[in-house]
Every structure is written in C-alpha cells, then in structure tokens.
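Geometric and topological summary
For reference, the chains in residue letters:
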Amino acid sequence: MTNNRYIGVMSGTSIDAIDIVLMEIFYDHSFAFLGGESFKFEKKLRKDILEISRNGFGISNADLKVIDQKLAHTYGESINDFISKLEINKNDIVAVGLHGQTILHQPNAINPMSLQIGDGQIVSDITGLTVIDDFRSADIKAGGQGAPLAPIFHSHFFRSTEENRAVINIGGISNISILKVNGNYSGYDIGPGNILLDSWFQKYKKGDYDSKGSWGKQGSVNDVLLKNFRQDSYFKKSFPKSTGTDYFNLRWIENNLQKTGKMIKPVDVQATLVELSALIITEAINNDHSIKGVALCGGGMKNDFLVSRIKSKYQGPIFTSNQWGLEPQWIEAAGFAYLAYLRMMEKRLDLSQITGSKNKVMLGIIHLPSQ
C-alpha cells in the first residue's frame, strides 16, 4: 500500500464534463500524474444544473436535494468507472478531493456562502473511499471569499525559483495565480472566461460552446457594448475578490445590451464577449510587472480565437501549462487531489493574499464510508 495517491474530481462552471485524475503527491513539492479521464453528464442532469446555477431559476429545497443526490451518484459511479479503467487498487487511495458543482457563490452577502452540490457522504458510500468536499466554507467563515483556491495548488505544481510566474485558468470564470520566487503566492477571480461565451452561443446556435471560437471570429467588436460591459462594478473592485455564474450569466449580457439602446447582431455580441475576456485577462497579467512567465490552462484553451486575442494584447511569451509539467485539461482536478492531500495532512493555510481570510484555515470536510 502506498500513502501518497489521491484522486481529484472537478466539474467546472461550464458543466461540460467531470474530470477525474489520479496523482501521487510528495512532501518535497514534487508530484506524478498517473492518469485522467473525463465523464460526460447525463443530459437531463446537466440541464437542471445549468438552470439553477446560471439562469437564476427558482428551485425548492426538495428539488435541490434531488439534484444534489443525483449528482453525487454520478460522481460516485464515475469515480468507480475511473478506478476500474485504470485498474487502481482502492487500498492505495488515501482520499478523494471532490470540488462539487458550484450553483451559488455569494461571499459578500449579508450571510456569506458558497454552495457546491454533490453530497460527499453519498460519494464516499458508493466508492468505499474517504471523500473530502466543501473546501470553501471554512475560508468564508474566516472572513474570506472562499475562492479562488487555484493559487494554492498552482504554487505547489508550477512555482519557480528563477522567475515570477502567473497561471491563468480560463474556466467559466477566469482566475489568476501569481507565484513569486520566494514562495509567496496570491490570486483572485478575474471575471468571465467561457461562461458568457457559452451562454450566448447556446442561445443562438446548436451546441454547448463555440468550437475554437469560429463563430465569434466572424463578428466585429461593438465598442459601445464593450464599454457597457467594462463598466461593471466587479472589474473595478480591488482584490481579494471572487465571483460566479450566478452573477455573470445570460441575464447580465441582456441587461447590458438593453443599455445600448441598439440592435446588435448576435455574432457581434459574441465577438465583443471574446474581447471582454481577453482584455480583463491581459490586464490582470499586466498589473504585476514582475511576472516573467505566463501559462494558460482551463477549458478556454480550446477557444483559439480567445487565446489569439489574449496573445495579441500581451507582449511577453505565453505558454500552456503542459510546458510546466501538467496538461491544461487536468489541472483543476489535480488541484483538488492536492487539496485533499493538504486536508489529510491537517495543513492550515494562510490565504489572506488570495481570499482575504483573517485566520489560517484547514479546508475541506472529511467523509468516511458508512460501512
């Protein structure tokens, strides 16, 4: 039996798939990626999650519980399939780090909270493994935003003793991790990455996302609409800051469109949304002139047009994370394997430069199999 193998499970704000990885994680900041698989959501479940997380549909507590349990069963069955495919000995797995599916993120509310569904106890019972979930609540209780958590594992996997680096994760929401040569790290949610592009594409086209950004590339940026987008108060906030798809969604686009008082072609709206994401990402990088190396990861890497717009606005070299040792597709899931490792090691983290929490926190709730 080994004592350093962890499974990480991630389904991001785009709700496109469940990514599962197996990692070996060592005390000396080294790691080994042992395999990864993606599992598609069942269509009805995905539709239900999209409606409650993105479109602001009301839902009863009873209906939410049903979706929570269905998702937990999907997670558990996917983990078991993953273990079978990779022929993993369950006795070698220390724990599973399960992010869950974010459906509400309101760290600045009167009663701050961040809600991820996918009951960890059910997943533990289905898999027979120790499962760690609810990684955000402890930080919020300590006065933090509860997000982003990416800088924690980016620092472990990608920091350098030779140059200051930045990692940009382009998910539904984009975030930046700034990794200093002295071991310090910071980061925050930049704002929308894929979420607005996907939402608008789904409204006007058949499909889940604009493959390679080919539709957006056909449009022209509308300067009035871009200005409206840019005036949103979130972009003016100083960090620490975080956001979610319950804020940046189709309703947000339509509200800003209405303010223009103009009829704008859907393809031009898509091009303008690409420009918005590219602008806020490059501005986040340029805010720290000490950064010498930049790597991109996340689902937004598949949008060639978006990546080209980012590269056109940033003067330095931009890599993909595989040049630093890990494929972009697996980074977020690998990150939750690492967070599970930290929780099992009972590590308390100072996240004051990321989430703004006031005290050191130990992230995650441990679930043991009932039998």
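As shown above, the structure is provided for reference.
Now for a quick tour of the structure. (Residues numbered from 1 in each chain as written. Predicted model: local features only at pLDDT ≥ 70, side-chain atom pairs only at ≥ 80, totals over all residues. Heavy atoms only, no water.)

Considerations on the side chain of D189
Quick reminder of the rule: Going along the chain from the N terminus, every DSSP run of H or I of four or more residues is numbered as a helix, and every run of E of two or more is numbered as a strand. Exposure categories follow from relative accessible area, calculated using a 1.4 Å probe and restricted to protein chains: below 20% of the type maximum is buried, above 50% is exposed, and the middle band is partly exposed. Under this rule, positive means Lys or Arg and negative means Asp or Glu; His and the chain ends count for nothing. Take a side-chain nitrogen of Lys or Arg and a carboxyl oxygen of Asp or Glu: if they are within 4 Å of each other, that pair is a salt bridge. Any two residues whose heavy atoms approach within 4.5 Å are treated as being in contact.
Along the polypeptide, D189 turns up in strand β10 (residues 185-192). One buried charged residue, D189, remains without a salt bridge, the closest side chain of opposite sign being R136 at 6.8 Å. Each residue touching D189, except ones within four places of it in the same chain, is listed here: A147, P148, I173, S174, N175, Y234, K241, S242 and T243.

Examining helix α11 (residues 266-286)
Filter applied, for reference: What a helix is expected to span follows from its residue count: subtract one and scale by 1.5 Å.
Between its terminal C-alpha atoms α11 stretches 30 Å, which fits the 30 Å expected from 21 residues at 1.5 Å a residue. When you tally the buried positions in α11, you get 18 out of 21 residues, the bulk of the element.

A look at the sheet that holds strand β7 (residues 131-133)
To keep things clear, this is the line we draw: Whether two strands pair comes down to DSSP finding at least two bridges between them. Helix axes use the C-alpha atoms of the stretch in contact, all axes being lines fitted to C-alpha atoms, and the angles between their N-to-C directions lie in the range 0 to 180 degrees.
Pairing within the open sheet is mixed, and its six strands lie in the order β3-β2-β1-β4-β7-β13. The outermost strands of the open sheet, each flanked by one partner alone, are β3 (31-39) and β13 (365-367). Averaged over all pairs of adjacent strands, the angle between strand axes in this sheet comes to 20°, irrespective of strand direction. When strand β1 (residues 5-10) meets strand β4 (residues 93-98), the two strands line up parallel, connected through five bridges. Looking across to β4, one finds that V9 is bridged to L98. The sheet strands contacting helix α3 (residues 120-127) are β4, β7 and β13, and the helix crosses β7 at an angle near 165°.

So, the packing of helix α8 (residues 223-230) against helix α10 (residues 250-260)
This is how the line gets drawn: Angular relationships are summarised with four words: roughly parallel below 35 degrees, roughly antiparallel beyond 145, roughly perpendicular across 65 to 115, and oblique for the angles in between. Here a crossing is taken to be left-handed if its near helix is turned anticlockwise relative to the far helix by less than a right angle, and right-handed if that turn runs clockwise. Under the grouping applied here, Gly and all other residues not named as nonpolar or charged are polar, the nonpolar ones being Ala, Val, Leu, Ile, Met, Phe, Trp, Tyr, Cys and Pro and the charged ones Asp, Glu, Lys and Arg.
The geometry of α8 relative to α10 is characterised by a closest axis approach of 9 Å and an angle of 125° between their N-to-C directions. What the angle tells us is that α8 and α10 run oblique. Viewed along their axes, α8 and α10 form a crossing whose handedness is right-handed. Note on element contacts: α10 touches α8 through W252, I253, N256, L257, K259 and T260, opposite V224, L225, N228 and F229. Split by residue class, the contact of α8 with α10 holds six nonpolar, three polar and one charged.

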